Every structure is written in C-alpha cells, then in structure tokens.
There are 2 protein chains.
Amino acid sequence: MQKKHDFLASSIEKNSDDSQGFITRDTPPVDPSLARQEFVPPEEEAEYAHPADMANHMENLSLPEQVSLLRHLPPSEAADTLAELDEDLAVDVLEHLAPDEAAAIISEMSPDDAADVLDELEEDHRDTLLNTLTREDAEELRRLLAFDPDTAGGIMNTEIVMLERDITVDDAIRQIRHDMEDKEIPYYAYVVDDADRLVGVLSLRDLMLSKPGTILRDALHNQDVIAVRYDMDRKEVANRMSHYNFMAMPVVDYEGRLLGVATYDDILDVMQDEASADMLGMVGAGQDESVDTPWKDSVRMRLPWLMVNMLTSALSAFVVYLFEGSIAEMALLAVLMPMVANQAGNTGQQALAVMIRQLATERFDQKKAWTAVLREGKIGLVTGLFMAAAACCGVYLFSGVLSLGLVMGLALLGDMLLGALAGGTIPLLFRIVGRDPAQASSIFLTAITDSAGFFIFLGLATAFLL
Amino acid sequence: MQKKHDFLASSIEKNSDDSQGFITRDTPPVDPSLARQEFVPPEEEAEYAHPADMANHMENLSLPEQVSLLRHLPPSEAADTLAELDEDLAVDVLEHLAPDEAAAIISEMSPDDAADVLDELEEDHRDTLLNTLTREDAEELRRLLAFDPDTAGGIMNTEIVMLERDITVDDAIRQIRHDMEDKEIPYYAYVVDDADRLVGVLSLRDLMLSKPGTILRDALHNQDVIAVRYDMDRKEVANRMSHYNFMAMPVVDYEGRLLGVATYDDILDVMQDEASADMLGMVGAGQDESVDTPWKDSVRMRLPWLMVNMLTSALSAFVVYLFEGSIAEMALLAVLMPMVANQAGNTGQQALAVMIRQLATERFDQKKAWTAVLREGKIGLVTGLFMAAAACCGVYLFSGVLSLGLVMGLALLGDMLLGALAGGTIPLLFRIVGRDPAQASSIFLTAITDSAGFFIFLGLATAFLL
C-alpha cells in the first residue's frame, strides 16, 4: 500500500478571493460550467486538489462525470478523494469502474480507508476487487474486514512503525527515516518485544532528544502503555482518545500484540456521528440519518418508532377516556389538560438531554449518575413550583375558579417533577438493560408525562371539583 | 513558557489489573483511603501520572486536598493537570493558591491552556497573577486573552515553529531540532516571509525527504496554505479541521500574518461541546449544561424557556377553548385530540433533529438546505399516510363512527405533514434571523404542531360531525 497524501503540507490551489494569497474557504471556487461537461480534463480539477474539497466538488457532479473524474486522476489522488467521499457515493462510483481501475485506486488507499469502502460493497464485487489486488494487499484488507466496523479493530490503521526493543535510538531513527516515505504516521513508533507484544511508545522527538547509543528498552523508562483492545466500541475509543488528547491510540489483541492504531481523524468522524446519533435517536429518527439519506430509507427507519409513539399516545388517550364523564361535565378541563402534559414533557426532555450527553461524553460512574437524577429532581421541583404558581394565577384569573387553579398548579408541579425524574432515569434504565440510552427515549418519556399528567389533572379535578 | 508534557510518549503508571502489563482502563485504580487524607504525598499520586487521569482523580477530592495535591506536584505536572481540570474546579483551586505558587504553575502551561484558565478568573485575581509572571509571559498571555474565547484566536496555541522562507531545509531541520525541546508541535513548521506573513506549511517529513540544500521557498512548490482568520467562530474552525483532517490549523490576521495554530485536541472538545449544545438547546436546557452544573444555575437557564413553552401551550389551549362547545357535545374529541398533537410533534422533532445536525456538521448550502426541507415533507407525507390509515381504522373500530375515523386520519395526516415541514424549516429561519438554529427550536415546533393539530382536528370534527 502506498503512502497517504500528506494533507497538512500542501494544497496546490490557485488564489481565489483573498488578495493576500490565502484561501479563506468561504465558498469553494466552483466553476458551474465544469459540472455540465461529461469529460472533465484533470488539469481543471487541480483547482480542488485538496482531497476533501475534491470530494465536495464531486458530490455536485452526475455519476458519469464522477466516474470520469476518478478515472483521470492519478491513482494516489483518486484514492485520497475516494476516502473523503460519502460512503454511498463511493460505492456507486466504484461499481461503475472496471475491476482493474478500481483495484488500482484501492491499492493506493490507506488500509483502513480501503477496508471501510470495501465493507460497503456487495460481497461478490468485493471479492472480485480483492482478487484483483496483489496477494499481500488482499490479505491485509481481508484481515481488516474481519473486524466489526464499529470497534477499534474496524477503524484502525495497520501501517505503523514497529521497533524492536533491543535496538538503539540511532537505529530507530534510521528505520523511521526509511519508513517515512510510506507510513502515514512517521512520528510515533511502537516498541514491541519478540512476540510483537506492545511494550511502549516513543515519538521521533523522544528519540532525537535521547543520548545516542541508548537502547530503546531503557529509553522507555518503565512506561506502561495506554492501549485499547480490538473489540472496544469505537465510541469508547473516541472518548478515551479525547480524554488523553492522543493523536493515535494503539490497538492490541488479548495477548497484548500490537495490531494497529486508531487515529484522531477517525475519531473526529466518530464523535460527530455519535453526537448526531444521540439527538436523532432520542426522537426516533434513524441514528445515522442525514439530509443525504434517501427519503424512503428515512421512512423505513422512522416508521417503527412513530408506531410505538402512536401506541403510547393511545395509552394516554385511554387515561383521558376514563375521565370522559368529567370532561363532558366541564369541557374546560380539555382546554387545560394538554398544557400540563406539554410542560411536563418539555421539562422531562431537558433532563433527558443532559443525561444522554453525560453518558455519551464521560466514563460511566454509578454514583455520579444517580446523583445527577437527584439534581434533575431538584430542578424539576423548583421550576415546577414556579410554573405551578404562574399557572394557578393564570387559570384563576381566566376562569374565576380558585380550586381549578389549585388543581392545575398541583398537577403541573407533580407532572413536571415526574417528568424530570423520568427524563434523568430513562437513559440509565436503558443502559442497564443493554439498550442505547438515547434511542427513542423521548417517546417513552412522553408516554409517562402524558399519561401521568392527564391522570393527575383529571383525577384531581374529578375529586375536588366535580 | 516551558514545553507541554508529551502525552503520547509516556505514561508512568504502575501495572494495575492486566497481566500483560497493559492498562485496560476500565476502572481507574483509585485507592479510596487516599481520598480521605488531607495531606497526600506525591509519590502515591504517581499512580495517576497521566494528567487526564490525575485530573479525574482530583475531582473526587475535597478542595483542601486538591490544593494540597497541586502544591506537591512538580510545577510542570501541576500545569498539565490543571489544563485537564473542569474549568470551575480549576478556578476554585487557583483561587486558593498563593499568587507565586499559582504563577509558577501557569508559567509551565501551554499559552492557550493558561489563557483559558485565566479567562475564567476574576479580573483582579487575573491581574495579580499576570503581574507575578515574567513580563514576556504576561505579555503573551494578555495578547491571547484579548481574543474572543469562542473564536480561532481564543483557542490557538502560539508556541509554533516559524521558519524564514529563504533558509535551506538543512537549517530548517537544525532549527526544529533545537526548538523541539520547547515546542508542542515540533513536526510542522510554518514558513513566513519577512513581514511574518504565512506563505506555507512544511512537515518534518517533507524537510527530511527533500534534497539537502533546497531553499524552503522552493520546497513549498507554490502551495497556497489553508488557514483561518482569528475571528472565525470556533465551531467553524472545528468543522474545517475535521473536513481536512488537519492536526493543526494556522490562524492568521487580516494581513495574513501568522498568529498561532488551533490544534486537534482543542477541536475535540469543541465538537463534543457543540454537539451537546445542539441537543440541550433544542429542548430549552442550558447549552453548556452538564450533570456538574449547579442545580440553581440550571434552574436559571431553563426557566425562561419553560415560561416560553407555557405561553405557547396557552396559545394551543386557546385554540381548544374556541371549540369548547364541540367538546362539551362530544367528549370523545378530548380523548383523541392529544394523540394528533403528540404524533405530529414527534414527527416534527425528527425533522428538526436532522436539520439541526446538518447545519452543525456541514458547510451551509442554500440549495441543499431547502431540498432537505422538501425531503422532510415527503417523509412527513408518507409516514402521515401510514399513521392516518392506522388511526382511522383504530378509531373506527373503537367508536364505530367512520366519519370520526376519517376526521382523525385527515387531521393526523395534515398535522404530521405540517410538523415535518416546520421541523425542517425552523432551524433555517432561525439561522436567517441570526439566531442559533437549535435553541428552543422544539418549543416553537410544538407551538405549531399543537395549535394546528387541535385546530384541524376540532375544526374538521365540528364541521363534519356536529
């Protein structure tokens, strides 16, 4: 596998709008006429030489134009661009290239990026491409494809510098200089024993600042390395790397043998995705939905949860049905009851959001979690008192019936407190039963706040007013 | 300012639970008895030598213990630990150290981290500390403090390698080797002209792979550098860095002069924070709330939006009030109407979440945005048809009144479609008027779906059933 393009160093782009010669990158310099050409000469595409921008540009082209573009780029640039493309798009384009064309591009990609793309293809197509690659490349990729894509093994890069622990720092530096041409991360080297077990990490800086002649084993100063096992969930990997501010996290197997490293660029994507997943999942949308998702897929992802929501609101409707008589007697109750449910639902969602993000961003701490539920309870109680007082006054002024105002206030207070506690607790309960803490949590929350709210309000009203 | 601890290279920790010598880091090896001691000898704290873990450990101590611990750590380790602490905690601890103790620690911190902490102090205390530092350090920090903390200037690091463009690669490497001891990012060097304007970026690898004797100016190959201005919002900086997979993004002024670099570790934090802010803001919670926020502050942050929610639900209640007579005639309407509002609200929230995350994670594209609203409309229509059919059947079976079922179905369809369109549009409208697209968006959405839902349902029922 060839080296990955060194993104930080060069960006061969012409000046756009800034007279100082800097690309401020507010708008990509797209020439609309390029989009309409079927055959796009590579020289003009050099305007978008940074792979990420090239990929953006490609998204605006038609499929034939995209394929044509990829064909005309040098394989290493095509590889970099393919790695930056949206997955669905990358698959489409690959399917329209001849196997040898596709294989030429894939062999230039970093193994982790290549594995990501190959993973999305149909099995037959994937096998065809793998068989077109060199045996060495194909073996490496098959090894990577064996890992669950949502784990450390699934995101790791295998092109790393491995050093024997009994060599000198001078030899190590020589080896790194030699490997520098091919490896993606030439500045960190992983020291292993003769069984390939990871024993330490040294940076090029550490090596260059050490006394010449020092044996690596000694240069490690008895360090214990922070590493993750290949089956760790990638969300957790992202949290660990973020916690330690690591640029690369070594991935090991259960024997401690070094398999690869997860790099910071992978976790940037993971973090964005997981943050979106929480928010989307909370309301029952597809957790990896975006505005690029085909609308039919979105329908398929959301419909089940909308069904569940329908059933839970039927449950709340049943509670109202139990008090149908009271409503027939005093229709004003129907005017007020949705306010109780709405307010408590919003209160609960606030608690829910805080707890979900807490579970997502920090290592789980049992004591801290339940303290947090208590905190939400306090907040629900105090805000509930405020709102109850306001509602009581409002209802009294509007209806002239003080007891109705008190019933409203009491119901609001009770439901808001319940909502806050439920909002804080639901993610924890989901976690205990092994579910995603966010998924459809809002739907279950409103099931509680609606049913309880109607029950408390109509119950109190029936008991004390009718 | 002294060098920042090189996190990736070493972690001086004793073996904990893994016989292979690896820290699997499932649970930090906390000795509970340590927490109760007032004076904590630094040798025992060496168990948590990685600053991020040391900071975690400190959070479990009392304030006197925290202060004592910081006092007994070597200043550079204390600096690293302080940089990892939660901001409020860091401020508390600093306030309890003597100015010279605090200044000793701050002078060891990376300028960007020091500025972050100083920014949170009371002005008097900050000035005292700045005056205790060396003039050079104090000037550098005052310069950084002048920037808005939410911008590129506010997160950037000023300890960078700057190279004149007319020197050779050999001299450049020599300079980097010399700077390596102090600089945080020794592997990337920024090439400037004689007015300190940024003209290019070279990596140590680029330099080492170049022919000896090459002038830097030529080694740059006419590249145009991707940089950001100091006043760019840090969210946007994070998106750019993530888009290009940059480890460091140069920050320049309006003349193109290099001021510093924003590094990937800063944006990891920014991305986590911004993702949480979207989710929390959507439901009206404080956008930087967490389970560590004092409950009184949470009350203060959430109450205004709860008030707004109360007012909007009063609006919906008023719509119901207009149809009080219809409800008095047919109380069953009150049983069914919350189902319409609930379902449409959830549908709308799904669209809302997708749009909010779209605006947060990608560069804004007008055409793409409105296409997305259309997509949500399609989804709302199709899911609405499914739900309407189900509801119609359900209501008919339950009540025996077909026209009621049809009214229910129609109202559900209409409100769900409206909810989907509103959910997709609200963030865009907020953006147009300069508001945060997420803030309290759910509250305004339910204002629409509740009012409209009640109006459509009760209106249709009144017109066709009563």
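Definitions and cut-offs
- Residues numbered from 1 in each chain as written.
- Chains lettered and ligands numbered in written order.
- Predicted model: local features only at pLDDT ≥ 70, side-chain atom pairs only at ≥ 80, totals over all residues.
- Heavy atoms only, no water.
- Phe/Tyr/Trp six-rings, centres within 6.5 Å; stacked < 30°, edge-to-face > 60°.
- Helix = DSSP H or I, 4+ residues; strand = E, 2+ residues; numbered from the N terminus.
- Lys NZ or Arg CZ within 6 Å of the ring centre and 35° of its normal.
- Pairing = 2+ DSSP bridges.
- Least-squares fit on C-alpha atoms with pLDDT ≥ 70 in both.
- Contact = heavy atoms within 4.5 Å.
- Buried area = accessible area lost by both parts, 1.4 Å probe.
- Salt bridge = Lys/Arg side-chain N within 4 Å of Asp/Glu carboxyl O.
- Polar contact = N/O pair within 3.5 Å; in protein donor to acceptor, adjacent residues only side chain to side chain.
- Nonpolar A, V, L, I, M, F, W, Y, C, P; charged D, E, K, R; others polar.
- Core = buried A, V, L, I, M, F, W, Y, C linked by side-chain atoms within 4.5 Å.
- Buried < 20%, exposed > 50% of the residue type's maximum accessible area, 1.4 Å probe, protein only.
- Patch = residues over 30% accessible without salt bridge, like charges linked within 9 Å, V, L, I, M, F, W, Y side chains within 5 Å.
- Areas by Shrake-Rupley, 256 points an atom, 1.4 Å probe, with all protein chains shown as cover.
- Lys, Arg positive; Asp, Glu negative; His and termini not counted.
- Charge placed at Lys NZ, Arg CZ, Asp CG, Glu CD.
- pLDDT = per-residue confidence, 0-100.
- 1 Å grid on protein atoms, 1.4 Å probe; cavity = no way out; pocket = protein on both sides within 12 Å on 5 of 7 lines; lining within 4 Å.
- Points joined across faces, edges and corners; volume = space filled by probe spheres on them.
- Axes fitted to C-alpha atoms, helices over the stretch in contact; angles between N-to-C directions.
- Parallel < 35°, antiparallel > 145°, perpendicular 65-115°, else oblique.
- Left-handed = near helix turned anticlockwise from the far one by under 90°.

### What about the packing of aromatic side chains?
All names here are of chain A. In this structure the tally under the stated criterion is 15 aromatic pairs over all chains. Here Tyr230 and Tyr254 contribute two aromatic rings whose centre-to-centre distance is 5.8 Å and whose plane-to-plane angle is 75°, an arrangement assigned as edge-to-face. On the criterion of sequence distance, the pair formed by Tyr230 in the loop between strand 4 (228-229) and helix 15 (234-244) and Tyr254 in the loop between strand 5 (248-252) and strand 6 (258-263) is long-range, its members being 24 residues apart. These aromatic residues form a ring-pair network of at least three members: Phe147, Tyr230 and Tyr254. We note Arg229 situated over the ring of Tyr254; from NZ or CZ to the ring centre the distance is 4.7 Å.

### Details of the sheet that holds strand 6 of chain A
Residues and elements named next belong to chain A. Within the open sheet, the three strands sit side by side as 4-5-6. Their pairing is mixed. A strand with exactly one partner marks an edge of an open sheet, and here the two such strands are strand 4 and strand 6. When strand 5 meets strand 6, the two strands line up antiparallel, connected through five bridges. By the bridge assignment for strand 6, Ala248 is matched with Thr263.

### Details of the relation of the copies chain B and chain A
Mapping chain B onto chain A calls for a rotation angle of 180° and an axial translation of 0.1 Å; the resulting RMSD is 0.1 Å. With respect to symmetry, the two chain copies, as superposed, fit the operation of a two-fold axis. When the interface residues of chain B are mapped onto chain A, 100% of them are again interface residues, pointing to one common binding face.

### A closer look at the interface of chain B and chain A
You'll often see interface size given as the accessible area lost when the parts meet. Counting residues at the interface gives 141 residues for chain B, matched by 141 residues for chain A. Note on chain B versus chain A: buried area summed over both sides is about 13,200 Å², and carbon and sulfur give 61% of it. Residues Asp292(A) and Lys368(B) are paired through a salt bridge, measuring 3.3 Å at the closest nitrogen-oxygen approach. Seen at the junction of chain B and chain A, the total is 43 residue pairs in polar contact (both at pLDDT 80 or more). Counting residues per element, the side of chain B that touches chain A draws most heavily on helix 19 (residues 332-361) of chain B, at 19 residues. Each residue belonging to the side of chain B that touches chain A can be placed in one class, and the counts come to 71 nonpolar, 34 polar and 36 charged.

### Structural notes on the nonpolar core
Residues Leu70(A), Ile106(A), Tyr190(A), Leu70(B), Ile106(B) and Tyr190(B) are the most contacted members of the largest nonpolar core, which totals 170 residues. Contacts of Tyr190(A), omitting those with residues within four sequence positions, involve Ile160(A), Val161(A), Met162(A), Leu163(A), Leu198(A), Gly200(A), Val201(A), Ala248(A), Pro250(A), Leu258(A) and Val261(A). Core analysis: the second largest hydrophobic core is formed by 72 residues, Leu458(A), Ile327(B), Leu404(B) and Phe457(B) among them.

### Quick look at the sheet that holds strand 6 (residues 258-263) of chain B
All names here are of chain B. Pairing within the open sheet is mixed, and its three strands lie in the order 4-5-6. Edge positions in the sheet fall to strand 4 (228-229) and strand 6, since each has one partner strand and no second. Of the strand pairs in this sheet, strand 4 and strand 5 (residues 248-252) are connected by two bridges, and their pairing is parallel. Counted as the bridge partner of Arg229 is Val252 from strand 5.

### Focus: a negative patch on the surface
Residue and element names in this part refer to chain A. Together, Glu59, Asp86, Glu87, Asp88, Asp92, Glu95, Asp119, Glu120, Glu122, Glu123 and Asp124 give the surface a local cluster of negative charge. At the level of elements, helix 6 (87-95), helix 8 (111-120) and helix 9 (123-132) are the ones that each hand at least two residues to the negative patch. Per-element tally for the negative patch: the top contributor is helix 6, with four residues. Take Glu120: it is sitting in helix 8.

### Some words on the pattern of salt bridges
A side chain with one charge may pair with a side chain of the opposite charge, provided their charged atoms come close. Residue and element names in this part refer to chain A. As enumerated under the stated definition, the model contains 36 salt bridges over all chains in all. Across the pair Glu101 and Arg71 runs a salt bridge, and its minimum N-O distance is 2.7 Å. Of this pair, Glu101 sits in helix 7 (residues 99-108) while Arg71 is found in helix 4 (residues 63-72), placing the two residues 30 residues apart along the sequence. Classification of Glu101 by relative accessible area gives partly exposed; the value is 26%.

### Details of the confidence of the model for chain A
All names here are of chain A. Per-residue confidence for chain A averages 85 on the pLDDT scale, and 88% of its residues sit at or above 70. Below a pLDDT of 50 lies the segment residues 1-47, which in the model reaches 112 contacts outside its immediate sequence neighbourhood of four places, other chains included. The ipTM assigned to the predicted complex is 0.75, against a pTM of 0.75.

### Side note on empty space enclosed by the protein
Using the criterion set out here, one finds 15 cavities of 30 Å³ or more in the structure. Size it by volume and the largest cavity reaches roughly 380 Å³. In this structure, the largest cavity is lined by 24 residues; those nearest its centre are Asn342(A), Thr446(A), Asp450(A), Asn342(B) and Thr446(B). Contributing elements (two or more residues each) for the lining of the largest cavity: helix 19 (332-361) and helix 22 (441-465) of chain A together with helix 19 and helix 22 (441-465) of chain B. Counted by class, the lining of the largest cavity contains eight nonpolar, 14 polar and two charged residues.

### A closer look at the packing of helix 8 of chain A against helix 10 (residues 135-145) of chain A
All names here are of chain A. Direction vectors running N to C along helix 8 and helix 10 enclose 65°, while the axes themselves pass 9 Å from each other. As summarised for this structure, helix 8 and helix 10 are arranged roughly perpendicular, according to the angle between their axes. For helix 8 against helix 10, the interelement crossing comes out right-handed. For the pair formed by helix 8 and helix 10, the contact residues are Pro111, Asp112, Ala114, Ala115, Leu118 and Asp119 on the first element and Glu140, Leu141, Leu144 and Leu145 on the second.

### Section: helix 8 of chain A
Burial within helix 8 of chain A is extensive, with seven of its 10 residues counted as buried. Along helix 8 of chain A, the positions that sit buried rather than exposed are Pro111(A), Asp112(A), Asp113(A), Ala114(A), Ala115(A), Val117(A) and Leu118(A).

### Here's the deal with unusual backbone geometry
Note: most peptide bonds trans; most residues except glycine with negative phi. Of note in the backbone geometry, Asp196(A) takes a positive phi value of approximately 65° without being a glycine. With respect to the helices and strands, the residue Asp196(A) is situated in the loop between strand 2 (188-192) and strand 3 (198-203).

### Some remarks on the packing of helix 19 of chain A against helix 22 of chain A
All names here are of chain A. Direction vectors running N to C along helix 19 and helix 22 enclose 145°, while the axes themselves pass 8 Å from each other. Judged by the twist between their axes, the crossing of helix 19 over helix 22 is right-handed. Here Leu333, Leu336, Met337, Pro338, Val340, Ala341, Ala344, Gly345, Gly348, Gln349, Leu352 and Ile356 of helix 19 lie close against helix 22, whose contacting residues are Ser441, Ser442, Leu445, Thr449, Asp450, Gly453, Phe454, Phe457, Leu458 and Ala461. Taken together, the residues that form the contact of helix 19 with helix 22 break down as 14 nonpolar, seven polar and one charged.

### Some remarks on the environment of Asp265(A)
Residue and element names in this part refer to chain A. Positionally, Asp265 belongs in helix 16 (residues 264-282). With 17 residues separating them along the chain, Asp265 and Ala248 place their C-alpha atoms 9.2 Å apart. A distance of 2.6 Å separates polar atoms of two side chains, one belonging to Asp265 and the other to Thr263.

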